[in-house]
Amino acid sequence: MRIEAIDIYHVAMPLIYPWRTAYGEDAAIESVLVCLRSEGLAAWGEAAPFAAPCYSPEWAAGVFHCVRQWLAPALIDQDICSGDALQAHLAHFKGNPFAKAALDTAWWDLEAQRQNLPLHRLLGATRDRVPVGADFGVMDSHDDLLKGIAAAIEDKFPRVKLKFRPGWDLPMLAAVRKQFPDHTFHIDCNSGYRLSDVNLFRAVDEFGLAMIEQPLQHDDVLDHAHLQMAIRTPVCLDETVVSLDRARQAIDLGSCKYVNIKPGRVGGLTPAVAIHDLCREAGIPCWVGGMLESAVGARICAALAMLDNFTYPADIFPSSRFYTEDLADPPLELTPDANGVPHVQVLDAPGTGARPHPERLAKLTLAKASLPG
Ligand code: MG
């Protein structure tokens, strides 16, 4: 398929309430949406690296400029016949996985539309719905958190993820475990600790968690291997795994027992599927993470999550959790299965089935570029 035109949008989507993590607080989610046009089709991709380079070295305004100045010009007028071919056209640009993901995910939506297939089928998945978990950021008090968790368990979320950072760590976890001795929990440290904190994680071992997500530095594999040897709780890598090579190194070193895969962080769906397959062969279960994307990006995550080695409930959120009105239509909703467990279900439509709403896109756009200009 020849890529005839590319539109790039840098958007800011106001949250209902701020999202607090180990690295700070976001009042809006900044994201980059890309529209690829070919053969009368218009396909959408998204990468949401946040406004500041605090989750990873990339940030939304930087991703917008990288796509506009370097990546999109390398694809325009090119005949791209596979995700691997797209990645090969971008391979001489170092790093910048979120920027590459904005284009890669749009290409997969384009190809799925061209083949008249739902995206998850094109990716090779046979399921059409999977369970999702509940997540809690840093809150004002333990009481607020405990009330929220009680509601999530009442709503039958099969596992609960807790943000964990200095000042909101062991006492918080002790309060949660005391109140909910049997439910499945894991913590996400967002790179907030160092290997010298090993005794803190030995103490975490006592709480019987499903995993500890990204305890150490965002670009580390070796210290995570040392930590995994020193504790019983499985380590899950998130920020560290930015490519297939990094995943292979982490597996070879024994740095983790789980991998969180986000299409944006790894450079798109092409490397996401390759990492999923590599982990399956190595006996490492995976789960899909979200970046608070619009329904366009959330639908891309949902399609990926249907692959069979995603065995731990996903971080895919209903639009109403964070946004008064989603930038895209249709908004993502969760549906309970026969046991009442919340699931995300793929749409019965070619591609992702999600599109930005034109007026909301115009209202929330900070910058736009079009190729050919
Ligand atoms: Mg994480």
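Look up a bit, the structure's there.
1. Re the coordination of the magnesium ion
Next, step 1: Looking at the magnesium ion, the protein donor atoms are Asp-188 (OD), Glu-213 (OE) and Asp-238 (OD), and they sit 2.1 to 2.4 Å from it.
Next, step 2: Of note, the magnesium ion draws all its donor residues from one chain, in the sequence arrangement D-x24-E-x24-D. In this pair, Asp-188 is assigned in strand β7 (residues 185-188) and Asp-238 in the loop between β9 (235-237) and α9 (244-253), connecting sequence segments 50 residues apart.
Next, step 3: On the accessibility criterion, Asp-188 (1% relative accessible area) is buried.

2. Side note on the sheet that holds strand β13 (residues 335-336)
Next, step 1: On the basis of which strands lie adjacent, the open sheet formed by 3 strands has the order β4-β14-β13 and antiparallel pairing. Two strands bound the open sheet, and with one partner strand each, they are β4 (129-131) and β13.
Next, step 2: Of the strand pairs in this sheet, β13 and strand β14 (residues 342-345) are connected by 2 bridges, and their pairing is antiparallel. Considered in β14, the bridge of Thr-335 is made with His-343.

3. Describing the packing of helix α1 (residues 60-75) against helix α2 (residues 83-90)
Next, step 1: Between α1 and α2, the least distance of the axes is 9 Å, while the angle of their chain directions is 130°. As far as their axial angle goes, α2 and α1 are oblique. The chirality of how α1 crosses α2 is right-handed. Of the residues in α2, those in contact with Leu-71, Ala-74 and Leu-75 of α1 are Leu-86, His-89 and Leu-90.
Next, step 2: For the contact of α1 with α2, the per-class residue count stands at 5 nonpolar, 1 polar and no charged.

4. Focus: the packing of α2 against helix α3 (residues 97-114)
Next, step 1: Between α2 and α3, the shortest axis-to-axis distance is 10 Å and the interhelical angle comes to 155°. Viewed along their axes, α2 and α3 adopt a mutual orientation that is roughly antiparallel. Remark: the crossing between α2 and α3 carries right-handed chirality. Contact with α2, carried on its side by Gly-83, Leu-86, Gln-87 and Leu-90, involves Lys-100, Leu-103, Asp-104, Trp-107 and Trp-108 of α3 and no other residues of that element.
Next, step 2: When grouped by side-chain class, the residues that make up the contact of α2 with α3 number 5 nonpolar, 2 polar and 2 charged.

5. Quick look at the pattern of salt bridges
Next, step 1: Summed over all chains, the structure comprises 20 salt bridges.
Next, step 2: Residue Asp-77 pairs with Arg-2 through a salt bridge whose shortest N-O separation is 2.2 Å. Residue Asp-77 is located in the loop between α1 and α2, and its partner Arg-2 is located in the segment before β1 (5-21); the two are separated by 75 residues in the primary sequence.
Next, step 3: By relative accessible area, which is 49% here, Asp-77 ends up partly exposed.
Next, step 4: The exposure class of Arg-2 is partly exposed, given its relative accessible area of 40%.

6. A closer look at the nonpolar core
Next, step 1: Membership of the largest hydrophobic core comes to 128 residues, with the highest contact counts inside it found for Ile-6, Ile-8, Val-34, Leu-162 and Ile-316.
Next, step 2: Setting aside its immediate chain neighbours within four residues, Val-34 contacts Ile-6, Asp-7, Ile-8, Ala-43, Trp-44, Gly-45, Val-67, Ala-102, Leu-103 and Ala-106.
Next, step 3: Among the nonpolar cores identified, the runner-up in size contains 6 residues, and Ala-210, Cys-236, Trp-287 and Tyr-312 belong to it.

Thresholds, definitions, all that
Residues numbered from 1 in each chain as written. Predicted model: local features only at pLDDT ≥ 70, side-chain atom pairs only at ≥ 80, totals over all residues. Heavy atoms only, no water. Donors = N, O, S within 2.8 Å, 3.2 Å for Na, K, Ca; no water. Helix = DSSP H or I, 4+ residues; strand = E, 2+ residues; numbered from the N terminus. Buried < 20%, exposed > 50% of the residue type's maximum accessible area, 1.4 Å probe, protein only. Pairing = 2+ DSSP bridges. Axes fitted to C-alpha atoms, helices over the stretch in contact; angles between N-to-C directions. Parallel < 35°, antiparallel > 145°, perpendicular 65-115°, else oblique. Left-handed = near helix turned anticlockwise from the far one by under 90°. Contact = heavy atoms within 4.5 Å. Nonpolar A, V, L, I, M, F, W, Y, C, P; charged D, E, K, R; others polar. Salt bridge = Lys/Arg side-chain N within 4 Å of Asp/Glu carboxyl O. Core = buried A, V, L, I, M, F, W, Y, C linked by side-chain atoms within 4.5 Å.

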